[in-house]
Amino acid sequence: MNQRKPFMAGNWKMNLNREESVALVTAIAEEAPDPERVDVLVAPPFTSIATVREAIGNKPIFLAAQNMHWESQGAYTGEVSPTMLLEVGCTHVILGHSERRSLFGETDGMIDRKANSACNFGLTPIVCIGESLEEREQERTSEVIAAQLQGSLRSFRRQKVLPPVVIVAYEPVWAIGTGKTATPEQAQEVHNQIRQWLAAQFDGNTAEKVRILYGGSVKPDNVKELMSMPDVDGALVGGASLKASSFLPILRFYL
Ligand code: PGA
């Protein structure tokens, strides 16, 4: 039995206004599982973060932004800094989501700078990686995953230390928002590869501690099977995190 506490994250993407955000987080907080058993996180759009923080009160729900800039301030029109996220109560930040990579041109190099900066400022990064359908069909999944890890965690590799609080999310692009989930075996195979990569680049202890989340069409009816895999430590949930009726059963996957 590993020591990693399951971590369940809801990525709201560009959805829900402030009122809807408060209603959702309040419903989650009321029924959320024992914090000793599962870590729960929500990632609202920037404009709702402060309101959601207030609604959370002292309930054990972590709060993330969906992106950030690596600098703490300056002439970066349209960007939000790590210190700004800390000020509104974020504990985590999602970095390098495939939508950021494919729609907004984010590169491994940018994600590396952001992840390193997040840790320096005391935010926990959730670093996303994942192959496209074409890459999977060409049997290039492990090569693509290794390259994304190399590039997105480059500064940590140079320092030869990865803070074990860092979270990695494996999200096969072909499974995001498509209703197609990776089978538990497909997820396990890649998660195991990620853990072996972490052990080789850093050390076995770090690799044992880092939580690796699966993302891509996670639903109440597939979460249990995915979570039964030894290297699947949690889920990064999009669509099904937008309603308490589908997110709560995911949080209580162990029942
Ligand atoms: P999905 O999104 O659960 O809607 O597939 C997952 C994600 O993009 O994080």
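The structure this text deals with has already been given above.
What counts and what doesn't
- Residues numbered from 1 in each chain as written.
- Predicted model: local features only at pLDDT ≥ 70, side-chain atom pairs only at ≥ 80, totals over all residues.
- Heavy atoms only, no water.
- Helix = DSSP H or I, 4+ residues; strand = E, 2+ residues; numbered from the N terminus.
- Buried < 20%, exposed > 50% of the residue type's maximum accessible area, 1.4 Å probe, protein only.
- Contact = heavy atoms within 4.5 Å.
- Axes fitted to C-alpha atoms, helices over the stretch in contact; angles between N-to-C directions.
- Left-handed = near helix turned anticlockwise from the far one by under 90°.
- Nonpolar A, V, L, I, M, F, W, Y, C, P; charged D, E, K, R; others polar.
- Pairing = 2+ DSSP bridges.
- Right-handed = clockwise from strand over helix to strand, strands pointing away.
- Near = heavy atom within 4 Å.
- Polar contact = N/O pair within 3.5 Å; in protein donor to acceptor, adjacent residues only side chain to side chain.
- Areas by Shrake-Rupley, 256 points an atom, 1.4 Å probe, with all protein chains shown as cover.
- Phe/Tyr/Trp six-rings, centres within 6.5 Å; stacked < 30°, edge-to-face > 60°.
- Lys NZ or Arg CZ within 6 Å of the ring centre and 35° of its normal.
- Salt bridge = Lys/Arg side-chain N within 4 Å of Asp/Glu carboxyl O.

Section: the side chain of Ser21
Link 1 in the chain: Its place among the elements puts Ser21 in helix H1 (residues 18-31).
Link 2 in the chain: For Ser21, a relative accessible area of 0% gives the class buried.
Link 3 in the chain: The residues touching Ser21, leaving out its near neighbours within four places in the chain, are Trp12, Leu16, Ser48 and Val52.

Some remarks on the packing of H1 against helix H2 (residues 46-56)
Link 1 in the chain: Orientation of H1 relative to H2, taken along the N-to-C sense of each, is 35°, at an axis distance of 9 Å. Where H1 crosses over H2, the two elements pack in a sense that is right-handed. Facing Arg18, Ser21, Val22, Val25 and Thr26 of H1, the residues of H2 in contact are Thr47, Ser48, Thr51, Val52, Ala55 and Ile56.
Link 2 in the chain: Split by residue class, the contact of H1 with H2 holds five nonpolar, five polar and one charged.

Considerations on unusual backbone geometry
Link 1 in the chain: Phi angles above zero are rare outside glycine, and Leu16 is one such case at about 75°.
Link 2 in the chain: Residue Glu139 is not a glycine yet carries a positive backbone phi of 55°.
Link 3 in the chain: Summarising the element assignment, Glu139 is placed in the loop between helix H6 (133-137) and helix H7 (141-152).
Link 4 in the chain: The exposed category is assigned to Glu139, whose relative accessible area is 72%.

Thoughts on the pairing of strand E1 (residues 7-11)
Link 1 in the chain: Counting buried positions over the five residues of E1 gives five, a clear majority of the element.
Link 2 in the chain: As paired strands, E1 and strand E2 (residues 39-43) are joined by five bridges and run parallel to one another. Among the inter-strand pairings, Phe7 is bridged to a residue of E2, identified as Asp39.
Link 3 in the chain: One crossover worth recording links E1 to the parallel E2 by way of H1, and it is right-handed.
Link 4 in the chain: Note that E1 and strand E8 (residues 234-237) share four bridges and pair parallel. Counterpart to Phe7 in the pairing with E8 is Gly234.

Considering the site of the ligand
Link 1 in the chain: Around the ligand, the surrounding shell holds 13 residues, and the nearest of these are Lys13, His97, Glu171, Gly177 and Ser217.
Link 2 in the chain: Here an oxygen atom of the ligand and a side-chain polar atom of Glu171 are 2.7 Å apart.
Link 3 in the chain: Between the ligand and Ser217 there is a distance of 2.7 Å, counted from an oxygen atom to a backbone nitrogen or oxygen.
Link 4 in the chain: Bound to the protein, the ligand loses 96% of the 280 Å² it would expose on its own.

Let's talk about the packing of aromatic side chains
Link 1 in the chain: A full pass over the atoms with the stated rule returns three aromatic pairs.
Link 2 in the chain: A centroid spacing of 6.2 Å and a plane angle of 75° characterise the contact between Trp197 and Phe202, whose relative ring orientation is edge-to-face.
Link 3 in the chain: For Trp197, a relative accessible area of 9% corresponds to the buried category.
Link 4 in the chain: Residue Phe202 is classed as buried on the basis of its relative accessible area, which comes to 11%.
Link 5 in the chain: The residue whose ring lies beneath Arg37 is Tyr254, and the NZ or CZ to ring-centre distance is 3.9 Å.

Some points on the pattern of salt bridges
Link 1 in the chain: This structure, assessed with the given rule, holds 14 salt bridges.
Link 2 in the chain: Across the pair Arg4 and Asp231 runs a salt bridge whose closest N-O atoms are separated by 4.0 Å. In this pair, Arg4 sits in the segment before E1 while Asp231 sits in the loop between helix H11 (223-227) and E8, placing the two residues 227 residues apart along the sequence. An identical accessibility class is assigned to Arg4 and Asp231; each is buried.
Link 3 in the chain: Residues Asp233 and Arg4 are paired through a salt bridge, measuring 2.8 Å at the closest nitrogen-oxygen approach. Here Asp233, found in the loop between H11 and E8, pairs with Arg4, found in the segment before E1; they are 229 residues apart in sequence, far enough to count as distant. Each member of the pair Asp233 and Arg4 is classed as buried.
Link 4 in the chain: Several salt bridges converge on common partners, so that one network encompasses Arg4, Arg195, Glu208, Asp231 and Asp233.

In short, the description is geometric, and any link to function would need to be established separately.
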